[in-house]
Amino acid sequence: MTVLQFAENLTDRAAVHRVRYGMDFKYALGLELHDPGFDASVLSEFRTRLVEHGMEEKVLDLLRTALKDRGLVKAGGRQRTDSTRVLAAVRDLNRLELAGETLRAALEALACAAPDWLAGAVPVREWADRYGPRAHSWHPPASTSKREEMALVYGRDGFALLEAVHAPDVPAWLRELNTASGLPASPRTVDTY
């Protein structure tokens, strides 16, 4: 799965989505069409175990051997098995997805709790295009430079949102929102506004 994920430039969530709904991934993984797939956390847990036990090169060597035995790669040719590169690329994609999803969740919570404040605090139309769709339905840019540019945009937007929420004239309860529900973090906070 990690190799397919790397080849397709997919985050963990996007890869799991492809396993659940894509016949091509089900076929490649040897799954039945009705197989429900698995949770995205399985992928990161697998990569963590691989690295902890120093098995990342071994797994790709076994994969290369299996592909060679089936005639899918040529014998005697140069085969690259740099698992560190594969794992690092997947990690970077997941971090990019996490940054975008974090901003999306914070904006959704603020939009529910204080839509008028949010409309005056951020460029809503531009940010709606950027953070509207969930990351599992989003495909990251293929080029490294575009992904780095996107990470910088997420960082700038995140800092701008934090500065706006922490401005002196903003009600303190906005900083205490639970991003999952758009409600204050604790019942005690409800009484203060």
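Scroll up to find the structure.
### With respect to the pattern of salt bridges
Enumeration over the complete set of coordinates arrives at nine salt bridges. For the salt bridge of D157 with R130, the shortest nitrogen-to-oxygen distance reads 2.3 Å. On the criterion of sequence distance, the pair formed by D157 in helix α9 (residues 144-165) and R130 in helix α8 (residues 124-131) is long-range, its members being 27 residues apart. Residue classification places D157 among the buried positions, given a relative accessible area of 8%. A single salt-bridge network, built from bridges that share partners, covers R13, E97, E101, R104 and E108.

### Points about the environment of T11
Looking at the element boundaries, T11 is found in the loop between α1 (2-8) and α2 (12-21). Along the sequence, T11 and R91 sit 80 residues apart, while their C-alpha atoms lie 8.2 Å from each other.

### Here we look at the side chain of D12
Mapped onto the fold, D12 is located in helix α2. For D12, a relative accessible area of 7% corresponds to the buried category. In this structure the side chain of D12 is engaged in a polar contact, spanning 2.8 Å, whose partner is the side chain of R47.

### Quick word on the packing of α8 against α9
At a closest axis distance of 13 Å, the pairing of α8 and α9 adopts a crossing angle of 130°. In terms of orientation, α8 and α9 fall into the oblique class. The hand of the α8/α9 crossing is left-handed. Where α8 abuts α9, its residues W127, R130 and Y131 lie against V153, Y154, D157, A160 and L161. Residues of the contact of α8 with α9, tallied by class, amount to six nonpolar, no polar and two charged.

Analysis parameters
- The written sequence of each chain sets the order in which its residues are numbered from 1.
- The model is predicted, so local features are restricted to residues of pLDDT at least 70 and side-chain atom pairs to those at 80 or more, both for listing and for counting; the totals for chains, interfaces and linings are taken over all residues.
- No hydrogens and no water enter the side-chain calculation; it runs on all heavy atoms of the structure.
- A pair is scored as a salt bridge if a Lys or Arg side-chain nitrogen falls within 4 Å of a carboxyl oxygen belonging to Asp or Glu.
- What counts as a helix is a DSSP run of H or I of at least four residues, what counts as a strand is a run of E of at least two, and both are numbered from the N terminus.
- The classification of residues rests on relative accessible area computed with a 1.4 Å probe and restricted to protein chains. Under 20% of the type maximum is buried, over 50% is exposed, and intermediate values are partly exposed.
- Each polar contact in these results corresponds to two N or O atoms within 3.5 Å; when the atoms are within protein, one needs to be able to donate a hydrogen and the other to accept it, and residues that are neighboring in sequence are counted only if both atoms are side-chain atoms.
- Axes here refer to lines fitted to C-alpha atoms; in helices the fit is confined to the stretch in contact. Angles between the N-to-C directions go from 0 to 180 degrees.
- If an angle is under 35 degrees, it is roughly parallel; if it is over 145, roughly antiparallel; if it lies from 65 to 115, roughly perpendicular; otherwise it is oblique.
- Left-handed is the label given to a crossing in which the near helix is rotated counterclockwise from the far helix by less than a right angle, and right-handed is the label when the rotation is clockwise.
- Contact definition: two residues touch when any of their heavy atoms are within 4.5 Å.
- Note on residue categories: nonpolar means Ala, Val, Leu, Ile, Met, Phe, Trp, Tyr, Cys or Pro, charged means Asp, Glu, Lys or Arg, and polar means any other residue, Gly included.

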